[in-house]
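As a plain string of letters, each chain reads:
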Amino acid sequence: MSTIDCDEVAVGPPSSDGSGSDSTPSIWARIGAFSFDRRRWVLAAWVALLVAVGAGVGTLGTSTDSSFESPDSESARGLQVLADSFGAGNNFLSGSIVFRAADGVDSPGARDTMTDLLAEVDEIDGVTVTSPYSPAGEQQGLVSADGTIARAPIDFAADITETESAEIGVEVNEIVADARTDGLQIEVGGAALAEFEPPESELIGVAFAVVILILSFGSVLAMGLPIGVALFGVGIGVATIQLLTNVMTIPEFATSLGAMIGLGVGIDYALFIVTRYREGTRAGLDPRSATVTAIDTAGRAVVFAGFTVVISLLGMFVIGLSFINGLATGAAVTVAITMVASVTLLPALIGFAGERVEVTRYRGLIMAGGAALAVLGVGIGVPILSIVGLIVLVGTLLASFVVKPLRRRLPPREHPELRDTWSYRWSRFVQRNPWPMAIGVTLFLLLVASPVLGLRLGFGDESTYSEETTTRQAYELAADGFGAGSNGPLLLVTELDDPAQAQTLVGLVETLDGTDGVERALGPIPSEDLDAAQIIVIPTTGPQDEATAELVRELRDEIVPTATDGSGLDVLVTGSVASSIDFSSYLSERIPFFFAAVLTLSFLLLMMVFRSVLVPLKAVIMNLLSIGGAYGIVVMVFQWGWGVELLGSGSGPIEPFLPMMLFAIVFGLSMDYEVFLLSRVKEEYDRSGDAANSVADGLAATARVITAAAAIMVVVFGSFVLEDNRIIKMFGLGLASAVFLDATLVRMLLVPATMELLGERNWWLPRWLDRVLPDLDVEGSTHEPVAQPVEA
């Protein structure tokens, strides 16, 4: 016996010439049919891919890199001078050991202990420690004025990666822990040596997603399908990101960001498809036909939304920075993989489940609750919850063999007519009061977004770490002993052509010592070959303070040029702080162009989908309001510090790449909701010609799934504010806020209000534009049956 593929079978009614080609199913229908019919092969392929990428990570390892550098900037040229003449400056990784001795750092006990400790750390491969007791340390002023605090800078070899520095950090922290005694406080500073906890916040999101999906679907198996697809996608996506770290610059937090986005969109994409599948089975379709129809409708929308996110993210390549390219690639890879899993792996899993998707027994419901409780316990670090959850899960399973009621099916849910639902009544209420709703919501969103006017881009320093961490304590200790600026000194470097130029640098140091905002200036320190010199400038303010950025600009524009005028010296202000300022400025100049490109792309795509000018224009404006509100919330919390301590972080500037990433991701996600809601509205309008009721009917038909999808995203994204990394916290809060505002105020209030105000003009499109504009069908208008494989 052999099997003929569905591609070889004529489908639908024959054409006039008998070929049957007039009803050829779409590529999406064929993908759905193939995945359903060859489900064992499809599942095996996904499992094999997961094993392969996991094995690849185990073999090749990871090599993350969070260094950043703006091209052709003053700081970049200065770092090159440091690398050429001082053998340093070509590695952004650094750290320090800061210690305080009650009897003074020169007391015999403290000196002996710290000398041995620093010597042990210095023996680690790739690590160089400058001891405060060494001549170089004395020259750099590494002991505080009162003699109770000292710091030992740690530099890394050029070939040390971020992953390796984290491993070194674990070793250094172990050495320090053994050396701590009463009267001797020792802390390990620097992000490169910071303690890192593996992310577990995604488990919190999974636990709550289980509950939301069961409440939405009323089916345990229907709940499991989106969870399974999302976990596959995230697992393969994160492993792929880790593999890519070996061939391109990808920051360490990209894996957490990928997991966050992949989990959220993976569950959402599968949720839309499963919802459409269940609509098909309730309409009388068999599981296979319902699956094919779901992929040919909701699956198209998922691919459309997914590609929009991927294209928007990869559009950041035009910025031309390897750091940004790596960050965008990591997020785009995860979204792409979860998107593909949604239209291939999901129909295969549905094929295994069949009609049982609609069946839920009491034991399954209780066991799902126990599993969610166990996962939540792991995510929040409360073992007792996990134990209780496992007891419930296993106990219910065993009890079901003897307790018959546990094996009973739950009665099916009643599904009221659309116009009897709360969402229909809500839409009609909004439509009866369109002006107050539209104006009120718009003003509220503008108010929430207003803090973005004070947005300050930059990189947070170690003061944004949790107060319990040794990284934060080292920062505070150094600030106590040497001033806040000691945590981010500025480096002034120059090449020397004439020994007489050194005298000019001495005068520059004297000028710097008398400059407002400068705690002290050390140097000039010549290179070994006397071909260059550097000056260390300690600001009075911390690395992330706006005053420090102002000092850098003042040094470059006024003080240094004036002090070195006529000497032939080209003194460059560099160092990690100056580099972050240059990087932020570089991005700030290019962000508006990126925003314009994403907005234009969104408008054109939606115009092709809905054959309208006003609908996509409104969508772009409403998306700007929701993303603006999210920006405002991030600024209020992480820049202004409103409640930031509750999140285990500190206030500071907003990382310069965050607005771009949020913009690209949120616009892609909102596309999904936009297409899902407005395509139903358009469908009802085309059928009835009633502009008012079509809005209410469309909202009623989609409200449950959009609410569930948004709730899952809000919980998944929001759970990441519990991560250790401040950047991930900001992404989590920003994405959760944007989705919440978009799914509530925008979809439930602004959309019906504005649709009512515009009426039939919503669907206006000039005839000339209709002729030239390509037609983009993302929901599928006709869904021909794809033939079953037949036995030959």
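This structure is a prediction, so every number in the text was calculated from the model and none was measured. (Residues numbered from 1 in each chain as written. Predicted model: local features only at pLDDT ≥ 70, side-chain atom pairs only at ≥ 80, totals over all residues. Heavy atoms only, no water.)

Visitor: What's the story with a negative patch on the surface in this structure? I'm lost.
Guide: A cluster of like negative charges, contributed by Asp-112, Asp-116, Glu-120, Asp-122, Glu-123, Asp-125, Glu-171, Glu-174 and Asp-178, occupies part of the molecular surface. Residue assignment for the negative patch shows that the elements contributing at least two residues are helix 4 (108-122) and helix 6 (162-179). Here the negative patch gets four residues from one element, more than from any other, and that element is helix 4. Taking the relative accessible area as the measure of exposure, Asp-122 reaches 35% and is therefore partly exposed. (Patch = residues over 30% accessible without salt bridge, like charges linked within 9 Å, V, L, I, M, F, W, Y side chains within 5 Å. Areas by Shrake-Rupley, 256 points an atom, 1.4 Å probe, with all protein chains shown as cover. Salt bridge = Lys/Arg side-chain N within 4 Å of Asp/Glu carboxyl O. Lys, Arg positive; Asp, Glu negative; His and termini not counted. Charge placed at Lys NZ, Arg CZ, Asp CG, Glu CD. Helix = DSSP H or I, 4+ residues; strand = E, 2+ residues; numbered from the N terminus. Buried < 20%, exposed > 50% of the residue type's maximum accessible area, 1.4 Å probe, protein only.)

Visitor: Could you clarify how one ought to interpret the sheet that holds strand 2 (residues 94-101) in this entry?
Guide: Here four strands make up an open sheet; going across it, the order is 3-4-2-5 and the pairing antiparallel. Either end of the sheet is taken by a strand with one partner, and the two such strands are strand 3 (127-129) and strand 5 (184-189). Sheet twist, expressed as the average angle between the axes of neighbouring strands with direction ignored, equals 20°. With seven bridges joining them, strand 2 and strand 4 (residues 149-156) adopt antiparallel strand pairing. Its bridge partner lying in strand 4, Val-98 is registered against Arg-151. Its contacts with the sheet put helix 6 on strand 2, strand 3, strand 4 and strand 5, and the angle it makes with strand 5 is roughly 180°. The sheet contacts of helix 16 (residues 470-482) involve strand 2, strand 4 and strand 5, and relative to strand 5 the element is tilted by about 110°. (Pairing = 2+ DSSP bridges. Axes fitted to C-alpha atoms, helices over the stretch in contact; angles between N-to-C directions. Contact = heavy atoms within 4.5 Å.)

Visitor: Please clarify how the pairing of strand 4 should be interpreted in this entry.
Guide: In the case of a regular strand, side chains alternate between the two sheet surfaces. Burial analysis of strand 4 places seven of its eight residues in the buried class, the great majority of the element. Examined bridge by bridge, strand 3 and strand 4 share three bridges and lie antiparallel to one another. What sits directly across from Val-129, in strand 4, is Ile-154.

Visitor: Would you mind showing me how to read the pattern of salt bridges here?
Guide: A side chain with one charge may pair with a side chain of the opposite charge, provided their charged atoms come close. Evaluation of the coordinates by the stated rule reveals 24 salt bridges. With its nearest N and O atoms 4.0 Å apart, the salt bridge here joins Arg-282 to Glu-358. One end of the pair, Arg-282, is in helix 9 (residues 254-282); the other, Glu-358, is in the loop between helix 11 (322-353) and helix 12 (362-380), with 76 residues separating them in the sequence. A salt bridge links Glu-655 to Arg-726; the shortest N-O distance between them is 3.1 Å. One end of the pair, Glu-655, is in the loop between helix 20 (614-639) and helix 21 (658-688); the other, Arg-726, is in helix 23 (residues 726-758), with 71 residues separating them in the sequence. Each of the salt bridges in this network shares a partner with another, and the network as a whole consists of Arg-456, Glu-546, Glu-550 and Arg-553.

Visitor: Explanation requested: the packing of aromatic side chains in the structure shown.
Guide: To describe a pair of aromatic rings, you give the distance between the ring centres and the angle between the ring planes. Scanning all chains against the criterion turns up 14 aromatic pairs. Over the aromatic face of Phe-352 sits the side chain of Arg-39, whose NZ or CZ is 5.9 Å from the ring centroid. (Phe/Tyr/Trp six-rings, centres within 6.5 Å; stacked < 30°, edge-to-face > 60°. Lys NZ or Arg CZ within 6 Å of the ring centre and 35° of its normal.)

Visitor: Got a minute to help me understand the sheet that holds strand 9 (residues 572-574) in this structure?
Guide: Strand-to-strand pairing in sheets goes through backbone hydrogen bonds, with the strands running parallel or antiparallel. The four strands lie next to each other as 7-8-6-9, forming an open sheet whose pairing is antiparallel. Unpaired on one side and paired on the other, strand 7 (518-526) and strand 9 mark the two borders of the sheet. Direction aside, the axes of adjacent strands within the sheet are offset by 20° on average. Relative to strand 8 (residues 532-539), strand 6 (residues 490-495) runs antiparallel, the two being bridged by six bridges. Its bridge partner lying in strand 8, Val-493 is registered against Gln-534.

Visitor: I would appreciate a short explanation of the confidence of the model for the chain in the present structure.
Guide: Low pLDDT marks regions whose predicted coordinates should not be analysed in detail. Looking at the chain, the pLDDT average stands at 87 and 94% of residues meet or exceed 70. Per-residue pLDDT stays below 50 along residues 1-22; that stretch engages in 34 contacts with residues further than four places along the chain or on separate chains. Residue range residues 782-792 is modelled with pLDDT below 50. Its contacts to residues more than four positions away, or to other chains, number 36 contacts. (pLDDT = per-residue confidence, 0-100.)

Visitor: I would appreciate a short explanation of a nonpolar patch on the surface in the present structure.
Guide: On the surface, a cluster of nonpolar side chains totalling about 580 Å² of accessible area is made up of Val-394, Leu-397, Leu-398, Phe-401, Val-402 and Val-403. Here Val-403 is to be found in the loop between helix 13 (383-399) and helix 14 (422-432). Val-403 sits in the partly exposed class, given a relative accessible area of 36%.

Visitor: Where do I start with the nonpolar core in this structure?
Guide: For soluble globular proteins, the rule of thumb is that nonpolar side chains tend to be buried together. Among the nonpolar cores identified, the biggest contains 166 residues, and Leu-313, Ile-324, Phe-657, Met-661, Phe-717 and Phe-731 are the most heavily contacted of them. For this core, the element with the most residues is helix 23, which contributes 19 residues. Non-local contacts of Phe-731, meaning those with residues more than four positions away in its chain, are made with Leu-257, Met-260, Phe-657, Leu-658, Met-661 and Leu-662. Listed in part, the 29 residues of the second largest apolar core include Leu-117, Phe-156, Ile-168 and Val-188. (Core = buried A, V, L, I, M, F, W, Y, C linked by side-chain atoms within 4.5 Å.)

Visitor: Sorry if this is basic, but what is going on with the packing of helix 10 (residues 287-314) against helix 19 (residues 576-610) here?
Guide: A pair of packed helices can be characterised by two numbers: the angle between their axes and the separation between those axes. For the pair helix 10 and helix 19, the least separation of the axes is 11 Å and the interaxial angle reads 160°. When the interaxial angle is binned, helix 10 and helix 19 end up roughly antiparallel. Note that helix 10 runs across helix 19; the crossing there is right-handed. Here Phe-304, Thr-308, Ile-311 and Ser-312 of helix 10 lie close against helix 19, whose contacting residues are Phe-594, Val-598, Leu-601, Leu-605 and Val-609. (Parallel < 35°, antiparallel > 145°, perpendicular 65-115°, else oblique. Left-handed = near helix turned anticlockwise from the far one by under 90°.)

Visitor: What should I look at first to understand the side chain of Glu-462 in this one?
Guide: Within the secondary structure, Glu-462 is located in the loop between helix 15 (434-449) and helix 16. There is no salt bridge for the buried Glu-462, and the closest opposite charge comes from Arg-151, which lies 8.7 Å off by N-O distance. There is a polar contact of 3.2 Å between the side chain of Glu-462 and the backbone nitrogen of Ala-191. Dropping the residues within four chain positions of it, Glu-462 is found in contact with Gly-190, Ala-191, Thr-471, Arg-472 and Tyr-475. (Polar contact = N/O pair within 3.5 Å; in protein donor to acceptor, adjacent residues only side chain to side chain.)

Visitor: Got a minute to help me understand the environment of Asp-775 in this structure?
Guide: The residue Asp-775 is located in the loop between helix 24 (767-772) and strand 10 (790-791) in this model. With 243 residues separating them along the chain, Asp-775 and Ala-532 place their C-alpha atoms 64 Å apart. For Asp-775, the residues in contact, after removing those within four places along its chain, are Met-608 and Arg-611.

Visitor: What is the right way to read helix 19 from this model?
Guide: Three or four residues apart is the spacing at which side chains of an α-helix point the same way, because the helix has 3.6 residues per turn. Taking 1.5 Å per residue as the helical rise, helix 19 with its 35 residues ought to reach 51 Å, and the 49 Å between its terminal C-alpha atoms agrees with that figure. When the local axis directions of helix 19 are compared, the greatest deviation, roughly 35°, occurs at Arg-590, which is followed within four positions by the proline Pro-592. Looking at the residues trailing helix 19, positive phi occurs at Arg-611, about 50°. (Expected span 1.5 Å × (residues − 1). Bend = angle between axes of the 7 residues up to and from the residue.)

Visitor: Mind showing me how you'd approach the side chain of Asp-742 here?
Guide: Tracing the chain through its elements places Asp-742 in helix 23. Look at Asp-742 and you get buried, because its relative accessible area is 3%. In this structure, Asp-742 is in contact with Asn-623, Ser-626, Ser-670, Tyr-673 and Arg-747, ignoring residues within four places of it in sequence.

Visitor: Can you help me understand helix 20 in this one?
Guide: Its 26 residues place the ends of helix 20 36 Å apart at the C-alpha level, agreeing with the 38 Å of an ideal helix rising 1.5 Å per residue. Among the 26 residues of helix 20, 21 are classified as buried, and the element is accordingly described as predominantly covered. Positive backbone phi, approximately 85°, marks Gly-641, located one or two places after helix 20.

Visitor: What is the right way to look at the pairing of strand 2 in this model?
Guide: Burial of strand 2 is extensive: six of the eight residues sit out of reach of the surface. Taken together, the six bridges between strand 2 and strand 5 define a ladder with antiparallel strand orientation. Considered in strand 5, the bridge of Ala-101 is made with Leu-184.

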